Each structure stands twice: as C-alpha cells, then as structure tokens.
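Observations on the three-dimensional arrangement
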Amino acid sequence: MSTSYACQLAEIAQTIFATMLGMELIRCEQQADDGSERLLATVQITGQCCSSIVLGLSESAALEAASAMLQMPASDASAADQRDVAAELVNMIGGNLKSLLPGPCFLSLPTVVAGREVELQVAGGALVDDLTFAFGSGLYRLRRYVQE
Amino acid sequence: MASGFNNIVEAADGNEALKVFKETQISLILTDWNMPNKSGIELTRDIRALGSKVPIYMITTESEKNRVLEAIQAGVNDYLVKPFTQKALQQKLDKHCAAAC
C-alpha cells in the first residue's frame, strides 16, 4: 500500500499557483475526467520512490495559467506558451514533492500531451493521489501514480 | 527589466545557452537545473571550465541540501528555489547589481 501525499501535493500546488501565478486554487471534489482536459503534463520521479505526476488542464485552465505566468493576455497565449507553462508547473510540483520523498530520487524532464479525449496510461502505476482544483472557469487535475 | 538589465537573451537548453554565452557578452546567467540536452549543472561546469567568473544563479526545484552543495561546488554563485516571488528574484538581481557596481 503506497503512502498518500495528497495533502502535501495540494499544499505544493496551491503554493506554486499562488506564488508564481497569483492564482488561489480552490480544491474541489469534482473529478475532471469528463473529457475537459486539453493538456496533460507529466514528470517522472525515479529512485527509491518511483512516481509519475500528471497535471491535467482544461482548455480555459491552460489559457489562464499561461496568461498568468507569462503576464500576457489570454488571447495572446499560443499553444506553445500553454505547453511550456504546463510543463513548468508540473516540473515545479514534481520537484517540490521529490524533496519530501524518501531519497535519493531524481526528476525527469517534463512531457506534455495536447489534444482532445487524451488518455494517459502509466505502465505498472497505481493511482494513489487524485486531486482536482478550480480557479475561475478552469479545472486543474493533479494525479500521482506510484510504481511499486 | 529592472536592476539595470536591458538586454535579455534566452536559450532553450544548456547547449544553446553555452553557444550563446560564447558568442555574447553576458553579465549574469539565470539557469534552471533540469533542462534538456545539458543540465544547469553541466552548463555551469562548462562555463567555469572556460575560465569565466560570470555570476551564475541557479533557479530550480532541487532544494535538497546535497543538491544545493553540488551546485555550489560546480560554480554556482547563488540559488533560488521554485516557487519564488517576483520580489525574491528582484532582490537577488539587486544584490548582484550592488556588488557589481
């Protein structure tokens, strides 16, 4: 049975969004698995504790986040800008979580998948933490899969 | 850009950063640790191997003590852990400018 880091992940995500984007994420019960995700950003933590962190962003969330981080109007945020910001966000979340895990652990480079009705399968990974946040009209879903 | 910096050059990864560094007069480097092709640590080592004393600030999520030590041993001058506020970055840049002027 893998240890849940849901509380720590929530605090990490909310701190990152507040500090870097000026956005107060509200944790909500709703699971964003309704096909609303347009970007999936993932980073792998390897070593003593292997995890995959996946950040899913709805279309409006990707725009809001890119607009906030890059300090530009949402209408000016390109698809590449949105992917870059999603990658940076999951990189920060993974990096901050890594420092809490029993080490030594290593962080991969982030990978971003964009599209509609995209499914991501983490081979051999069990979904341990699954959190959804809202800000404005955007939904952010944060998952952690653990490879035993 | 405040703190007296009027020309910002970006690089997509460590290799590009090293190329830009060799071709451009750079007064301060802000680098991530986790980059494709060449990490921030490798970039720092390469720049120091060229004999350069340019200030290098590492901006990273790598916050464990041994990682910070590794960066300093590689030649990093200062360290900023993500997430950080704009004010925190500004203070680092102001500190650099105060020391350089």
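Here the structure is shown first, and the text comes after it.
Okay, so let's go over this structure. (Residues numbered from 1 in each chain as written. Chains lettered and ligands numbered in written order. Predicted model: local features only at pLDDT ≥ 70, side-chain atom pairs only at ≥ 80, totals over all residues. Heavy atoms only, no water.)

1. Some points on the pattern of salt bridges
What counts, and what does not: We define a salt bridge as a contact between a side-chain nitrogen of Lys or Arg and a carboxyl oxygen of Asp or Glu at a distance within 4 Å. By the criteria applied, helices consist of DSSP H or I runs no shorter than four residues and strands consist of E runs no shorter than two, each listed in order from the N terminus. The buried label goes to any residue with under 20% of its type's maximum accessible area, the exposed label to any with over 50%, and the partly exposed label to all in between, with areas taken from a 1.4 Å probe on protein chains only.
The final tally for this structure, using the stated rule, is 15 salt bridges over all chains. E37(A) is the salt-bridge partner of R143(A), the closest N and O atoms lying 2.7 Å from each other. A residue pair is termed long-range when its members are at least 10 positions apart, and R143(A) in strand β7 (residues 138–147) and E37(A) in strand β2 (residues 37–47) qualify at 106 residues. Each of the two residues, R143(A) as well as E37(A), counts as buried. Linking D130(A) and R141(A) is a salt bridge whose minimum nitrogen-to-oxygen distance equals 2.5 Å. Residue D130(A) is found in strand β6 (residues 125–135), and its partner R141(A) is found in strand β7; the two are separated by eleven residues along the sequence. Given the relative accessible area of 8%, R141(A) is considered buried. Through salt bridges that share partners, K98(A), R45(B), E62(B), E64(B), R67(B) and E70(B) make up one connected network.

2. Here we look at the interface of chain A and chain B
So the rule is basically this: What makes two residues a contact is simply this: any of their non-hydrogen atoms within 4.5 Å. A quick way to say it: buried area is the sum, across both parts, of accessible area lost when two parts are put together, with a 1.4 Å probe. N or O atoms closer than or at 3.5 Å make up a polar contact, with two conditions inside protein: a donor-capable atom paired with an acceptor-capable one, and, for residues adjacent in sequence, both atoms drawn from side chains. Amino acids are sorted into nonpolar (Ala, Val, Leu, Ile, Met, Phe, Trp, Tyr, Cys and Pro), charged (Asp, Glu, Lys and Arg) and polar (every other residue, Gly among them).
Contact residues are listed per partner, giving 15 residues for chain A and 14 residues for chain B. Taking both sides of the interface into account, the surface hidden between chain A and chain B amounts to around 1200 Å²; carbon and sulfur atoms contribute 51%. The tally of links from chain A across to chain B stands at three salt bridges. Measuring nitrogen to oxygen at the nearest pair gives 2.9 Å for the salt bridge that ties K98(A) to E64(B). Our count for the chain A to chain B interface comes out at seven residue pairs in polar contact (both at pLDDT 80 or more). Only α1 (6–21) and α3 (79–98) of chain A provide two or more residues apiece to the side of chain A that touches chain B. If one sorts the elements of the side of chain A that touches chain B by residue count, α3(A) sits on top with six residues. Considering only residue class, the side of chain A that touches chain B consists of five nonpolar, eight polar and two charged.

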